[in-house]
Amino acid sequence: MVMPRNLFLVRHGQSEANVMQRASKAGDPSLYTEETMTVPDRSWRLTELGVQQARVAGAWIAGLDITFDRAVVSTYTRTRETAAHLGLDVRWEENRVIRERSWGEIGSMSKQDFARKYSQNAAYRDYDPLYWAPPAGESIANVAENRVRNILSTLHRENARGNVLMVTHGEFMWATRLVLERWSDEEFLDRDADKEQIIHNCTVLQYTADDPHSADPAGSGTPRDKLTWVRRCWPVCVDGEWTMFVGGWEEFDRTYFTDGDLLRKVESNRHFFQGALGS
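So, a few notes on the structure that sits alongside this text. Computed from a predicted structure; not experimentally measured.

1. Looking at the overall build of the protein chain
1) Next: A count of helical and extended segments in the protein chain gives 9 helices and 8 strands.
2) Next: Relative to its length of 279 residues, the protein chain is compact, with a C-alpha radius of gyration of 20 Å against a globular reference of 19 Å.
3) Next: Dimensions of the protein chain, computed from C-alpha atoms along their principal axes, come out at roughly 65 × 55 × 40 Å.
4) Next: Residues classed as buried in the protein chain amount to 46% of the 279 residues present.
5) Next: Of the contacts made within the protein chain by residues no fewer than 6 positions apart, 72% connect residues no fewer than 24 positions apart.
6) Next: Each charge class in the protein chain can be summarised by its mean position, and for the 34 positive and 41 negative side chains these summaries are 3 Å apart.

2. What about a negative patch on the surface?
1) Next: On the surface, Glu187, Asp190, Asp194 and Glu196 cluster together into a negatively charged patch.
2) Next: Residue placement: aspartate 190 occurs in helix α8 (residues 185-192).
3) Next: Since its relative accessible area comes to 56%, aspartate 190 is described here as exposed.

3. What about unusual backbone geometry?
1) Next: Its identity is not glycine, yet alanine 136 carries a phi of approximately 65 degrees, on the positive side.
2) Next: Positionally, alanine 136 belongs in the loop between α5 (119-127) and α6 (140-158).
3) Next: Note on alanine 136: relative accessible area 65%, which makes it exposed.
4) Next: Phi is positive for arginine 161, which is not a glycine, with a value near 60 degrees.

4. With respect to the packing of aromatic side chains
1) Next: A full pass over the atoms with the stated rule returns 9 aromatic pairs.
2) Next: Each ring, one from tryptophan 103 and one from tryptophan 132, has its centre 6.1 Å from the other, and the planes form 45 degrees; the classification is tilted. On the criterion of sequence distance, the pair formed by tryptophan 103 in the loop between β3 (92-94) and α4 (111-117) and tryptophan 132 in the loop between α5 and α6 is long-range, its members being 29 residues apart. With respect to burial, tryptophan 103 and tryptophan 132 carry one shared label: buried.

5. Describing helix α1 (residues 16-25)
1) Next: Residues of α1 that are buried: Ala17, Asn18, Met20, Ala23 and Ser24.
2) Next: The secondary structure elements touched by the buried residues of α1 are β1 (6-11) and α4.
3) Next: Of the residues flanking the end of α1, it is glycine 27, one or two places downstream, whose phi is positive at about 105 degrees.

6. Topic: the pattern of salt bridges
1) Next: Under the definition given, this model contains 17 salt bridges.
2) Next: Measuring nitrogen to oxygen at the nearest pair gives 3.6 Å for the salt bridge that ties glutamate 250 to arginine 191. Within this pair, whereas glutamate 250 is found in strand β8 (residues 250-251), its partner arginine 191 is found in helix α8, the two being separated by 59 residues in sequence.
3) Next: Using a relative accessible area of 29% as the deciding quantity, one classes glutamate 250 as partly exposed.
4) Next: One salt bridge connects arginine 224 with glutamate 251, and the closest N-O pair in it is separated by 3.8 Å. One end of the pair, arginine 224, is in the loop between β5 (204-208) and β6 (229-238); the other, glutamate 251, is in strand β8, and 27 residues separate them in sequence.
5) Next: Connected via shared salt-bridge partners are Arg70, Glu93 and Glu158.

7. Remarks on the nonpolar core
1) Next: Formed by 32 residues in total, the largest nonpolar core has its most connected members in Leu7, Leu152, Met166 and Tyr207.
2) Next: Within the residue set of this core, elements represented by two or more residues are β1, α6, β4 (163-168), α7 (170-180) and β5.
3) Next: No other element matches α6, which puts 8 residues into this core.
4) Next: If sequence neighbours within four positions are ignored, leucine 7 has contacts with Leu152, Leu155, Val164, Met166, Leu180, Leu205, Gln206, Tyr207 and Leu227.

8. Observations regarding a positive patch on the surface
1) Next: Positive charge collects at one region of the surface, where Arg22, Lys25, Lys111, Arg125 and Lys195 lie side by side.
2) Next: Its location among the elements puts arginine 125 in helix α5.
3) Next: Assessed through its relative accessible area of 33%, arginine 125 is described here as partly exposed.

9. Examining the packing of helix α2 (residues 48-63) against helix α3 (residues 77-86)
1) Next: Contact geometry of α2 with α3 gives a least axis separation of 7 Å together with a crossing angle of 50 degrees. Judged by the angle between their axes, α2 and α3 are oblique. Crossing of α2 over α3 shows right-handed handedness. Across the interface between the two elements, Val51, Ala54, Arg55, Ala57, Gly58 and Ala59 from α2 touch Glu81, Thr82, His85 and Leu86 from α3.

What counts and what doesn't
Residues numbered from 1 in each chain as written. Predicted model: local features only at pLDDT ≥ 70, side-chain atom pairs only at ≥ 80, totals over all residues. Heavy atoms only, no water. Helix = DSSP H or I, 4+ residues; strand = E, 2+ residues; numbered from the N terminus. Rg over C-alpha atoms; globule rule 2.2 N^0.38 Å. Buried < 20%, exposed > 50% of the residue type's maximum accessible area, 1.4 Å probe, protein only. Contact = heavy atoms within 4.5 Å. Lys, Arg positive; Asp, Glu negative; His and termini not counted. Charge placed at Lys NZ, Arg CZ, Asp CG, Glu CD. Patch = residues over 30% accessible without salt bridge, like charges linked within 9 Å, V, L, I, M, F, W, Y side chains within 5 Å. Areas by Shrake-Rupley, 256 points an atom, 1.4 Å probe, with all protein chains shown as cover. Salt bridge = Lys/Arg side-chain N within 4 Å of Asp/Glu carboxyl O. Phe/Tyr/Trp six-rings, centres within 6.5 Å; stacked < 30°, edge-to-face > 60°. Core = buried A, V, L, I, M, F, W, Y, C linked by side-chain atoms within 4.5 Å. Axes fitted to C-alpha atoms, helices over the stretch in contact; angles between N-to-C directions. Parallel < 35°, antiparallel > 145°, perpendicular 65-115°, else oblique. Left-handed = near helix turned anticlockwise from the far one by under 90°.

Shown next, in the form of structure tokens:
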């Protein structure tokens, strides 16, 4: 499968809903009012900080001097606003496939209300975050195997060896990493628990088929047929000055397993019943 030469995924800037969620996680659910709890998830605007984050990320992307063959944005308000404030010379097309993960019945609910009204579901979220789905919502696994594979198949057909930009959402980006970087369930769980792996507002995931360590990574060399390297970058404000944190490149590939490898993975789970069981 020949994929794009470069694929950029950009999370939206800070939204007003992000502010509410952060306050709720810190123990203050007061921003969840009768009015805010009726706002559809697709309708939240960016904060002033979110606009600034988008401008910083856009300036960094522009500085890479890559001409994009395709630019796709989620249909949600906060992604539309982020895409516009990136300030890039592209023509945007909307695609609801790359929308936010559906949070179902808890989408407009504080952390405290969720834990109180759906205690069993909240516990499931803690011990199985990959396959957990909120009531009437989607799991990360659902998003990965349905929507992410959908858009990657489209890019394979229509943008092989092209340069593609997508403005999307953090959970969709997690699901994309799961698929593109071929994580096992265990790798996902390890990264999900690692605070260093957080997808910040306006994080840019840059995937490339060009060897970034070559003398001319964006030049005349022949790219690989598949995306093989990724780096994570995001806006930061240091001493009042905005800049882009640029992470190092990580190489990834498909992993194959022997019978012994599979059995060693199995051993991380204990038996609950020993010996033969009756029918």
